[in-house]
Amino acid sequence: MVRWPDRSQEQQSRSLELEKKDNIFQDFLWTSPPMSARKIQSEFSFNGEDFKYTLENQLLELAYQGDSYSFELSTSDKDIYPNIGYLEEKSRIIQSWVPKTEIVAETVAVSKTRTVPVTSTDMDGNISTSFQTEFYTDFETRFVPKTSWQWESHTEYYYEVPSFQYYLIDLGEIPFILYALEEQGEPELFLQNPSYLLGSEINQGFWGDKDVNLLFIDSNNNGIYLEEQDHMLFNSWNPYDPNSHYQEISQVMDNLWYFTRDLKDNLFMDFSLEGKTLHIDYLNEEFVGNENIG
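Residues numbered from 1 in each chain as written. Predicted model: local features only at pLDDT ≥ 70, side-chain atom pairs only at ≥ 80, totals over all residues. Heavy atoms only, no water.

(A) Representation of the pattern of salt bridges. Going through the model one piece at a time under the given rule, you end up with 10 salt bridges. Among the salt bridges present, the one from Glu-160 reaches Lys-90, with a minimum N-O distance of 3.2 Å. With Glu-160 in strand 10 (residues 127-160) and Lys-90 in strand 9 (residues 88-121), the pair connects residues that are 70 residues apart, well separated along the chain. In this structure Glu-160 comes out as partly exposed when scored by relative accessible area, which is 31%. For Lys-90, a relative accessible area of 29% translates into the label partly exposed. Between Lys-112 and Glu-140 there is a salt bridge, with the nearest N and O atoms lying 2.9 Å from each other. Placement of Lys-112 in strand 9 and of Glu-140 in strand 10 is noted, with a sequence separation of 28 residues between them. Assessed through its relative accessible area of 23%, Glu-140 is described here as partly exposed. One network of salt bridges, in which partners are shared, links Lys-112, Asp-138, Glu-140 and Arg-142. (Salt bridge = Lys/Arg side-chain N within 4 Å of Asp/Glu carboxyl O. Helix = DSSP H or I, 4+ residues; strand = E, 2+ residues; numbered from the N terminus. Buried < 20%, exposed > 50% of the residue type's maximum accessible area, 1.4 Å probe, protein only.)

What follows is the structure, encoded as structure tokens:
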């Protein structure tokens, strides 16, 4: 087991204000969020509320808190998906204009000096010799770095998102999506919660001296966040944004969706939500200064 240093901030449990956002796909589709829509019956619950629906000619009638609402069927613009299993992995060849530096042998002109004898005769016919310094140019072969720009091909792997028919339900604090899918030839509805929680912080200890976004999604689509089967992600840069630059986050993988239970088991990091406040609890904080072996 590796202990954190005694005087660094990463041992300190702390709180962070979170903001609820409507659509993880709209903002972070490139991270391939591990969402799994769940099949629902005509009566279902979500976020602690009871719903009942009927379908007639693709028109959805939804009963909620004593009122009835109508929703029309829409077709997605390849920007949402009910389950990551629907995505098709593809590849393409990308051409990049990149610098290449190599060590090459070059003949270069070098200025040198040397001392040469100079003979002179005075008016009495006496011959004398003196020495003087003269400059001359010599040529030497040296190994020098040389940078050139060239096109480079590499393979990029990506997911292609299909189009889906869906109903967008927005009646309360957490909107949700109902996908109209077929299962064994029969039409079925699948519920998904695309909203997510977002917080940002600068911490010179655990994450390094940089801005880090913490994202939380409701992977099992029951309207409750931070359950063990839900996911979270640490984000410090976007590789698809030309204005964003790579930043490594210490201790964790950036832009990777973690099960919240894995962070607790492997990094001793536990998350709890109280209103809009996220509590980050480091479970080994109580062992700071402990000199025992065991």
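(B) A look at the layout of surface pockets. If you add up the space inside the largest pocket, you get close to 330 Å³. Forming the walls of the largest pocket are 14 residues, and the residues nearest its centre are Trp-30, Ser-32, Tyr-158, Tyr-159 and Tyr-240. By residue number, the principal contributor to the lining of the largest pocket is strand 10, which donates four residues. When the residues that make up the lining of the largest pocket are grouped by side-chain class, the tally is nine nonpolar, two polar and three charged. Each pocket or cavity is described by its volume, and for the second largest pocket that value is around 260 Å³. Looking at the second largest pocket, it is lined by 15 residues, and the ones nearest its centre are Asn-23, Ile-80, Tyr-166, Leu-168 and Ile-177. (1 Å grid on protein atoms, 1.4 Å probe; cavity = no way out; pocket = protein on both sides within 12 Å on 5 of 7 lines; lining within 4 Å. Points joined across faces, edges and corners; volume = space filled by probe spheres on them. Nonpolar A, V, L, I, M, F, W, Y, C, P; charged D, E, K, R; others polar.)

(C) Examining a nonpolar patch on the surface more closely. Residues Trp-97, Trp-149 and Trp-151 make up a contiguous nonpolar surface patch of about 430 Å² in total accessible area. Tracing the sequence through the fold places Trp-97 in strand 9. Judged by relative accessible area, Trp-97 falls into the partly exposed class, the value being 46%. (Patch = residues over 30% accessible without salt bridge, like charges linked within 9 Å, V, L, I, M, F, W, Y side chains within 5 Å. Areas by Shrake-Rupley, 256 points an atom, 1.4 Å probe, with all protein chains shown as cover.)

(D) Quick peek at the packing of aromatic side chains. In total, this model carries 16 aromatic pairs according to the counting rule given. Centroid distance Phe-46 to Phe-176: 4.9 Å. Interplanar angle 55°. Geometry classified as tilted. Taken as a pair, Phe-46 in strand 4 (residues 43-46) and Phe-176 in strand 12 (residues 176-183) lie far apart in primary sequence, 130 residues in all. Each of the two residues, Phe-46 as well as Phe-176, counts as buried. (Phe/Tyr/Trp six-rings, centres within 6.5 Å; stacked < 30°, edge-to-face > 60°.)

(E) Focus on the sheet that holds strand 1 (residues 14-17). Here three strands make up an open sheet; going across it, the order is 1-19-18 and the pairing antiparallel. Single-partner strands in this sheet number two, and they are strand 1 and strand 18 (269-274). The average undirected angle you get between the axes of adjacent strands in this sheet is 25°. The pairing of strand 18 with strand 19 (residues 277-282) spans six bridges and is classified as antiparallel. (Pairing = 2+ DSSP bridges. Axes fitted to C-alpha atoms, helices over the stretch in contact; angles between N-to-C directions.)

(F) Highlighting the nonpolar core. Counting 36 residues, the largest nonpolar core has Leu-178, Leu-214, Phe-216, Phe-234, Phe-271 and Leu-278 as its most contacted members. Look past the residues within four positions of Phe-271 in its chain and what remains in contact with it is Leu-214, Phe-216, Leu-226, Met-232, Leu-263, Leu-278, His-279 and Ile-280. Ranked by size, the runner-up nonpolar core spans 21 residues in total, among them Ile-80, Tyr-81, Phe-190 and Ile-217. (Core = buried A, V, L, I, M, F, W, Y, C linked by side-chain atoms within 4.5 Å. Contact = heavy atoms within 4.5 Å.)

(G) Examining the sheet that holds strand 6 (residues 59-64) more closely. Spatial ordering of the open sheet is given by 4-5-6-7, a layout of four strands whose pairing is antiparallel. The sheet is open, and its two edges are formed by strand 4 and strand 7 (67-72), each paired on a single side. Across this sheet, the average inter-strand angle for adjacent strands is 30°, counted without regard to direction.

(H) Structural detail: the pairing of strand 1. By the alternation rule, side chains of strand 1 split into Arg-14 and Leu-16, which are all buried, and Ser-15 and Glu-17, of which none is buried. Both strand 1 and strand 19 contribute to a ladder of four bridges, which runs antiparallel. By the bridge assignment, Leu-16 is partnered in strand 19 with Leu-278.

(I) Quick look at the side chain of Asp-230. Summarising the element assignment, Asp-230 is placed in the loop between strand 15 (208-217) and strand 16 (231-235). Buried charged residue Asp-230 carries no salt bridge. Nearest counter-charge: Arg-261, at 8.9 Å. Setting aside residues up to four positions removed in sequence, Asp-230 forms contacts with Ile-217, Asp-218, Ser-219, Asn-220, Ile-224, Tyr-225, Tyr-258, Phe-259 and Thr-260. (Lys, Arg positive; Asp, Glu negative; His and termini not counted.)

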